[in-house]
Amino acid sequence: MLSRRHFCCGAAITASLLTFDRSFAADQCAALTRERQAVLSPDAALEKLKAGNERFVSRNMRNCDLVEQVRATSYGQFPSAIVIGCIDSRVPPELVFDQRIGDLFSARVAGNVINDDIVGSSEFATKISGAQLIVVLGHSECGAIKGAIDGAELGELTQLLAKIKPAVEACKNVPGEHTSKNADFVQQVAIANARLGVERLSDMSDVLRGRVAAKQLKIVSAMHDVATGRIAFLE
């Protein structure tokens, strides 16, 4: 039988572990502050997202008090990165990177295309608000990519898909049928589109280009697999 002493010791250990768990969780879920943002390097911001996606695919996501994060960020926001992604419902950046309120700027447009508004938003997120990383996030089975490949036309969507045409052209030597029925071709165009998005951001913005040159900013591309949730960075 357990003695009173053993019972008390066990209770004390359990209480200690619970205190540690709460402390650890509080640290993991703490909203980014100006001070915490300032000490992050572009590489550290990138590792933060890689670790978050690993938690996501391993089903070990953080369990944070979102209402508390709303309160903590009500006086200001200091995200470490901006993710430029597609509007696809299967690729919500905050979830697939296991980030929470105040962690990310998220700019979403079909086909994760880069236009003037996306560039301006990126300048705000980085130069004004201090984010050190831009991720252009493409994904598998992208409907916008398929539409651009097949030359789809529909209202204003036509001019949006035209921005993906350079990626289609960049894959002209990929073997096989160059239609949306060829899954490999669709994937190669999506990868090219994400990579060209990085180039386009730098080409279109002196602000972003200057911050990259000063090592204050990193711009990378990545691909999300809608079948697994895993994100591969195209470094």
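See above for the structure.
Below or above, wherever it landed, is the structure these notes cover. All values derive from a computational prediction rather than experimental measurement.

1. A short note on the nonpolar core
If you look at the biggest cluster of nonpolar residues, it comprises 41 residues, and the most contacted ones within it are Ile84, Ile134, Ile145, Ile164, Val189 and Leu201. The greatest single-element share of this core, amounting to 9 residues, is contributed by helix α10 (residues 183-204). Among residues more than four places away in sequence, those in contact with isoleucine 145 are Ile164, Val186, Val189, Ala190 and Asn193. With 16 residues, the next largest nonpolar core counts Val91, Leu133, Val220 and Phe233 among its residues.

2. With respect to the packing of aromatic side chains
Inspection of every chain in the model, using the stated rule, returns 2 aromatic pairs. Here phenylalanine 97 and phenylalanine 233 contribute two aromatic rings whose centre-to-centre distance is 6.4 Å and whose plane-to-plane angle is 40°, an arrangement assigned as tilted. One end of the pair, phenylalanine 97, is in the loop between α5 (93-96) and β2 (104-108); the other, phenylalanine 233, is in strand β5 (residues 231-233), with 136 residues separating them in the sequence. On the accessibility criterion, phenylalanine 233 (16% relative accessible area) is buried.

3. Examining the state of the cysteines
Per the counting criterion, the structure on display carries 1 disulfide. Disulfide partner of cysteine 29: cysteine 64, at an S-S distance of 2.0 Å. Between cysteine 29 and cysteine 64 the sulfur-sulfur dihedral comes to about -80°; the bridge is accordingly left-handed. Taken together, the residues span a long stretch of sequence, with cysteine 29 in helix α1 (residues 4-29) and cysteine 64 in the loop between α3 (42-57) and α4 (66-72) at a distance of 35 residues. Of the residues examined, cysteine 29 reaches a relative accessible area of 14% and is grouped as buried. According to the relative accessible area criterion, cysteine 64 is buried, its value standing at 11%. A disulfide-free cysteine, cysteine 86 has its sulfur positioned 4.1 Å from the sulfur of cysteine 142, the nearest such atom. Owing to a relative accessible area of 6%, cysteine 86 belongs among the buried residues under this scheme.

4. A closer look at the packing of helix α7 (residues 143-150) against α10
For any two helices packed against each other, the geometry comes down to the angle between their axes and how far apart the axes lie. It is at 10 Å that the axes of α7 and α10 come closest, and there the two elements cross at 105°. With respect to each other, α7 and α10 are oriented roughly perpendicular. Across the interface between the two elements, Ile145, Lys146 and Ile149 from α7 touch Phe185, Val186, Val189, Ala190 and Asn193 from α10. Its residues assigned to classes, the contact of α7 with α10 comprises 6 nonpolar, 1 polar and 1 charged.

Conventions used here
- Residues numbered from 1 in each chain as written.
- Predicted model: local features only at pLDDT ≥ 70, side-chain atom pairs only at ≥ 80, totals over all residues.
- Heavy atoms only, no water.
- Core = buried A, V, L, I, M, F, W, Y, C linked by side-chain atoms within 4.5 Å.
- Buried < 20%, exposed > 50% of the residue type's maximum accessible area, 1.4 Å probe, protein only.
- Helix = DSSP H or I, 4+ residues; strand = E, 2+ residues; numbered from the N terminus.
- Contact = heavy atoms within 4.5 Å.
- Phe/Tyr/Trp six-rings, centres within 6.5 Å; stacked < 30°, edge-to-face > 60°.
- Disulfide = S-S within 2.5 Å.
- Axes fitted to C-alpha atoms, helices over the stretch in contact; angles between N-to-C directions.
- Parallel < 35°, antiparallel > 145°, perpendicular 65-115°, else oblique.
- Nonpolar A, V, L, I, M, F, W, Y, C, P; charged D, E, K, R; others polar.

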